[in-house]
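# Remarks on the overall topology
So the chains spell out like this:
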Amino acid sequence: MIERVSQSSWDDPDRWTSDMTSAGGFGLEVRRFGLTMVGGKHPVEPYESTSTTCTIGAHARNDYVLPDPTVSRFHAEIEVSVRGARIRDLESRNGTFVDGVRVDAAWLGHGSTVRVGKTLLRFDALGGTNRVALSRSDMFGTLYGASAAMRAVFAILERVAPSDATVLIEGETGTGKEEVAASIHGHSKRASGPFVTLDCGAIPPNLLESELFGHDKGAFTGAIAAREGVFEAADGGTLFLDELGELPLGMQPALLRVLERGEVRRVGETAARPIDVRVVAATNRDLRQEVTAGRFREDLYYRLAVFHLRVPPLRERPEDIEGLTSVLLRRMGLSDADIARVVTPELRTALQAGRWPGNVRELRNYLSRCVVLGEVLPITPTDNDDPRPWQVDPEKPYAEAREHALALFERDYVRALLEHHEGNVSAAARAAGMARPYLHRLLRRHGLR
């Protein structure tokens, strides 16, 4: 029997989380929750949370497995944070509904109903808490974070880095995924070996196989000499595969074979070469959504996500902004005295008011401009801006309307980006935090080039 607590207790924001120090270490106490089936044709036992997240879907690797054939493999995810309990749809086939309304994401209250496929669930507050381990340090490698969200990430990294396990890092653009990978390498037994990076979104598909695995002389037109790929270059060290979500579906089986067999075969060769490489991968997409949509292989996802980390965006850890500002300014070469002069009350106010959609990268660029110009600059856009030049059409199906809105945003964004940088694609790509070939593809897609 699920033990429930009162609505007022569950909705009290001061009771979502609390710091805890004990003989077992330092951690965070997080409220427990439960899910109970209240409608549907495929019975399932109630669920009680054991951590901060719960994935819901038909696949056996979910936390709450539903045998409903109308439920997607990875259908939705519930996450408890300081702000409350939030459910997010993972681009499921049939959508996620909260209290009868279809949602991309929504906050849950005690007694909320959640419909996934043809299964109706009730979300309940439970008595007691779950403990989340936190690092005692606010630094890991080059990463900084005093917030509970970042120290929870550091606690995982401290245990994972010394191993040879593959790690999948997910997070928005600019959150510092490459720094996470480099810090993992620096804290591993491979730290004296090479750290090699490949941006999967920056390499044309016809050259990607050669970049990954190398090629023999004469393997294809232009192959005037034999060349090793990034797997061989990283032998004895760590290979960081950035923007893995951009890897073409046709290339994914070859990558899976290398990971499974520990050997690589160059393009144009028949013999395989043994390799000793640890792989760390990163993406700004949720690969579970990509698996559900058929754009990413399920077996490759599980081979990479032995350990799965999500780097929180800056808006989820605003308490880190001031400390992060000092860290970034110090890396720019400023002394403590210089930092004290730069970080004025006016700057602190501006920093806390920023939305930071570009995360740490945007913050660093903003601080760099302030230092160079010697003044506190305005931060744009603001939450009050509404840049949408289109209208929502309620007559269209949700998926079609969403696709249309995204296409219009994409077109308008790259047009404005290019105009802002006076047609300089390289500068525009750097400012936007995207690979130049990817920006070229967007320009061609929308007839802007």
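Every value quoted in this text rests on a predicted model; they were computed, and no experiment measured them.

### A short note on the overall build of the protein
Of regular secondary structure, the protein possesses 15 helices and 21 strands. Of all 449 residues assigned to the protein, the portion counted as buried reaches 47%. Sequence separation of at least 24 residues holds for 60% of the intrachain contacts in the protein that already meet a minimum separation of 6. Of the roughly 22,200 Å² of accessible surface on the protein, 50% is carried by carbon and sulfur atoms.

### Description of the side chain of Ser 147
Along the chain, Ser 147 turns up in the loop between strand 14 (143-144) and helix 2 (148-160). For Ser 147, a relative accessible area of 2% corresponds to the buried category. Setting aside anything within four residues of it in sequence, one finds Ser 147 in contact with Arg 317, Glu 319 and Asp 320.

### Observations concerning helix 9 (residues 321-331)
Listing the buried residues of helix 9 in full gives Ile 321, Gly 323, Leu 324, Thr 325, Val 327, Leu 328 and Leu 329. Structurally, helix 9 contributes buried residues whose contacts are with strand 14, helix 10 (336-342), helix 11 (345-353) and helix 12 (359-373).

### Focus: helix 14 (residues 425-432)
The set of residues buried in helix 14 consists of Val 425, Ala 427, Ala 428, Ala 429 and Ala 432. Just downstream of helix 14 lies Gly 433, where phi reads positive at about 75°.

### Details of the nonpolar core
Counting residues in hydrophobic clusters, the biggest one holds 36 residues, and the most contacted among them are Leu 212, Phe 231, Leu 241 and Leu 244. Contributions of two or more residues to this core are made by strand 16 (195-199), helix 4 (205-213), helix 5 (230-233), strand 17 (238-242), helix 6 (252-261), strand 20 (278-283), helix 7 (287-292) and helix 8 (298-304). With five residues, the single largest contributor to this core is helix 6. Counting 28 residues, the second-largest nonpolar core is a separate cluster that includes Val 30, Val 98, Leu 108 and Val 116.

### As for the confidence of the model for the protein
Of all residues in the protein, 89% have pLDDT values of 70 or greater, and the mean over the chain is 87. Every residue in residues 18-25 scores below 50 in pLDDT, and together they form 16 contacts with partners more than four places removed in sequence or on other chains.

### What to know about the sheet that holds strand 21 (residues 307-310)
Sheet architecture is open: five strands sit in the order 16-17-20-15-21, paired in parallel fashion. Both outer strands of the open sheet, strand 16 and strand 21, are each paired with one neighbouring strand and no more. Across the sheet, the mean angle separating the axes of adjacent strands is 20° when strand polarity is ignored. Two strands pair when backbone bridges link them, and strand 15 (residues 167-170) and strand 21 are joined in this way by four bridges, in the parallel orientation. What sits directly across from Val 167, in strand 21, is Phe 307.

### Observations regarding the environment of Val 360
Relative to the helices and strands, Val 360 is located in helix 12. Leaving out residues up to four positions away in the same chain, Val 360 has contacts with Gly 174, Thr 175, Leu 314, Arg 317, Leu 324 and Leu 328.

### A few points about the sheet that holds strand 6 (residues 76-81)
Taken in spatial order, the five strands line up as 5-4-6-7-10 in an open sheet, and their pairing is mixed. The open sheet is flanked by strand 5 (64-65) and strand 10 (105-108), the only strands paired with a single partner. Pairing between strand 4 (residues 53-57) and strand 5: two bridges, direction parallel. By the bridge assignment, Ile 56 is partnered in strand 5 with Tyr 64.

### Things to note about the packing of helix 11 against helix 12
Here helix 11 crosses helix 12 at 155°, and the two axes come no closer than 12 Å. Between helix 11 and helix 12, the crossing angle belongs to the class labelled roughly antiparallel. In this structure, helix 11 crosses over helix 12, and the sense of that crossing is right-handed. Contacts from Leu 347, Ala 350 and Leu 351 of helix 11 reach helix 12 at Leu 363, Tyr 366 and Leu 367. Considered class by class, the residues forming the contact of helix 11 with helix 12 number six nonpolar, no polar and no charged.

Rules behind the numbers
- Residues numbered from 1 in each chain as written.
- Predicted model: local features only at pLDDT ≥ 70, side-chain atom pairs only at ≥ 80, totals over all residues.
- Heavy atoms only, no water.
- Helix = DSSP H or I, 4+ residues; strand = E, 2+ residues; numbered from the N terminus.
- Buried < 20%, exposed > 50% of the residue type's maximum accessible area, 1.4 Å probe, protein only.
- Contact = heavy atoms within 4.5 Å.
- Areas by Shrake-Rupley, 256 points an atom, 1.4 Å probe, with all protein chains shown as cover.
- Core = buried A, V, L, I, M, F, W, Y, C linked by side-chain atoms within 4.5 Å.
- pLDDT = per-residue confidence, 0-100.
- Pairing = 2+ DSSP bridges.
- Axes fitted to C-alpha atoms, helices over the stretch in contact; angles between N-to-C directions.
- Parallel < 35°, antiparallel > 145°, perpendicular 65-115°, else oblique.
- Left-handed = near helix turned anticlockwise from the far one by under 90°.
- Nonpolar A, V, L, I, M, F, W, Y, C, P; charged D, E, K, R; others polar.

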